[in-house]
Amino acid sequence: MFRMFIRRRRICALALTIVCFGFALYYHSFKQRIQVKESAQNIIPLTKYVEKELISASNVSHVGDQKRDQRIPMQTVPPNPFKKSNPSVNYNVHAFYYTWYGNPKNDGKYLHWNHRLLPHWEKRVSNMYATGQRHQPPDDIGANFYPVLGAYSSLDPEVITTHMHQIKQSGIGVLALSWYPAQKADDEGKPADQYVSILLSKAAEHNIKICFHIEPYKGRTAQSVGDDIKYINNKYGNHPAFYKTNHPHKPDKSNLPLIYIYDSYQILPDDWKILLGEDGSTSIRGTKNDAIVIGLLVEKKHRPWNGGNTKHRDNGAYYENEWQSALQVQPNFVSITSFNEWHEGTQIEPALSQKTVSVEFLHGKRQRGTFLYLSYGNDPNLYLDLTKTWVEQFEKLSGNQ
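Now for a description of the structure that goes with this document.

### Some thoughts on the pairing of strand 4 (residues 90-97)
- Most of strand 4 sits inside the fold, with 7 of its 8 residues counted as buried.
- Where strand 4 lies against strand 5 (residues 172-179), 5 bridges are found, and the strand directions are parallel. What sits directly across from Tyr97, in strand 5, is Leu177.
- Across 3 bridges, the pairing between strand 4 and strand 10 (residues 333-337) is parallel. The residue of strand 10 that forms the bridge with Val93 is Val334.

### A few points about helix 3 (residues 157-170)
- Under the 1.5 Å per step criterion, the end-to-end length of helix 3 is 20 Å for 14 residues, consistent within 8% with the ideal 20 Å.
- Taking burial as the measure, the 14 residues of helix 3 include 10 buried ones, the bulk of the element.
- Residues Val159, Ile160, Thr162, His163, Met164, Gln166, Ile167, Lys168, Gln169 and Ser170 constitute the buried set of helix 3.
- One side-chain oxygen at the N-terminal end of helix 3 lies 2.9 Å from the backbone nitrogen of Glu158; it belongs to Asp156.
- Gly171 sits one or two positions beyond helix 3 and adopts a positive phi of about 90°.

### Let's talk about the packing of aromatic side chains
- Within the structure shown, the criterion is met by 18 aromatic pairs.
- Note on Phe96 and Tyr260: the rings are 4.9 Å apart at their centroids and 65° apart in plane angle, and the pair reads as edge-to-face. Note that Phe96 is positioned in strand 4 and Tyr260 in strand 8 (residues 256-261), a separation of 164 residues in sequence. A single burial state applies to Phe96 and to Tyr260, both of which are buried.
- Ring centres of Trp113 and Tyr152 lie 5.3 Å apart, and the angle between their planes is 80°; this geometry places the pair in the edge-to-face category. Separated by 39 residues along the polypeptide, Trp113 in the loop between helix 1 (104-107) and helix 2 (123-126) and Tyr152 in the loop between helix 2 and helix 3 bring together distant segments of the chain. Accessibility classification places Trp113 together with Tyr152 in one group, the buried group.
- In this structure an aromatic cluster arises from ring pairing among Tyr98, Trp100, Tyr101, Trp113 and Tyr152.

### Observations concerning the environment of Pro350
- When you line up the elements, Pro350 lands in the loop between strand 10 and strand 11 (356-359).
- Take Pro350: its relative accessible area is 1%, and that puts it in the buried class.
- C-alpha separation for the pair Pro350 and Pro380, spaced 30 residues apart in sequence, amounts to 4.8 Å.
- If sequence neighbours within four positions are ignored, Pro350 has contacts with Pro147, Val148, Gln166, Trp342, Tyr376, Pro380, Asn381 and Leu384.

### Observations concerning unusual backbone geometry
- Between Pro137 and the following residue, Pro138, the backbone shows a cis peptide bond with an omega angle of 10°.
- Note that Pro138 resides in the loop between helix 2 and helix 3.
- For the bond running from Thr337 to Ser338, omega is 10°, close enough to zero to count as cis.
- Tracing the backbone through its elements, the reader meets Ser338 in the loop between strand 10 and strand 11.
- Despite not being glycine, His112 has its phi angle at roughly 70°, a positive value.
- With respect to the element layout, His112 can be found in the loop between helix 1 and helix 2.
- The phi angle at Gln330 is positive, at roughly 50°, despite the residue not being glycine.
- When you line up the elements, Gln330 lands in the loop between helix 7 (317-328) and strand 10.

Reading the values: the criteria
- Residues numbered from 1 in each chain as written.
- Predicted model: local features only at pLDDT ≥ 70, side-chain atom pairs only at ≥ 80, totals over all residues.
- Heavy atoms only, no water.
- Buried < 20%, exposed > 50% of the residue type's maximum accessible area, 1.4 Å probe, protein only.
- Helix = DSSP H or I, 4+ residues; strand = E, 2+ residues; numbered from the N terminus.
- Pairing = 2+ DSSP bridges.
- Expected span 1.5 Å × (residues − 1).
- Polar contact = N/O pair within 3.5 Å; in protein donor to acceptor, adjacent residues only side chain to side chain.
- Phe/Tyr/Trp six-rings, centres within 6.5 Å; stacked < 30°, edge-to-face > 60°.
- Contact = heavy atoms within 4.5 Å.

The following block contains the structure:
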């Protein structure tokens, strides 16, 4: 029950995961070079689980020409973008959610908003850019769009409440939470496990569920992922907001957690088979820790020098085309990349319509200048509105509630 999903990174691309029989295909983004790996070393051959043709497209926006400095107070809560007072959510629509952001008010310093400029793998190209230098929040952040909430902290209860409200209003029912084991974190953030309890509580208040998206960490193996799944089940499995679902084609596989694994290709297929195969020596199959596990086939290498891979959002047209393509294959689940991955520019969280800032390293190079953030046009809530519309279409066309 291990499935694969494909992530292709592109600057400022917004994408969907299309999940048919547990197989997911999605294109991701930020400033990353595209090289698709199609290796025989996949954990399980992709064709084994693909029952329908998968169609997808990336989705991005472009920079305008206006230059006007617009500053907002941090943690300003935007107005409710929808008129419906008690919207329903769809648990077959997921969105990837990140809790690695921090600011001095809540965390003692900026986290992730001050992300360093990452190097190109070729020294000749890397030397053209100010790699290793950091962005300077709150105005200069490590993203091409600027959030309506400002350079917020993921620990701020008001921010979490606002996010849950926006997510519910958009019709999304499940958040795929970027997660590291206790006391572990990515290079730019804080240990992620500390965020889970408050997120589950806030999610429950809004009738939203949470599943886990296990990120790469030092020493990660198939066995340690098995331990992670056991830890997640034991600590959070009984919470009302913990997401469980049924396998669409195996009636005996019901009420199971759904786990996404990022960069799963870094672990050998034979090792995954021991954990996820029916007859593996430490298999979770048939145990209380059984789960639907979705792996990732991805190519790496992103950063400021990768502008050639930018695709325009076209005022939401790319996003709508992607939804339309997804619905044509009648998927079991649709996952949105992402709610708030600001670094990669895939977010649907509200963004400012106009903001310019003076920066030390314009377009990643060693030169001062004025940078105009990308926008969704004149409507910061555009992608929340579009998501709600397409979630409703998903329900009408498939009876998918």
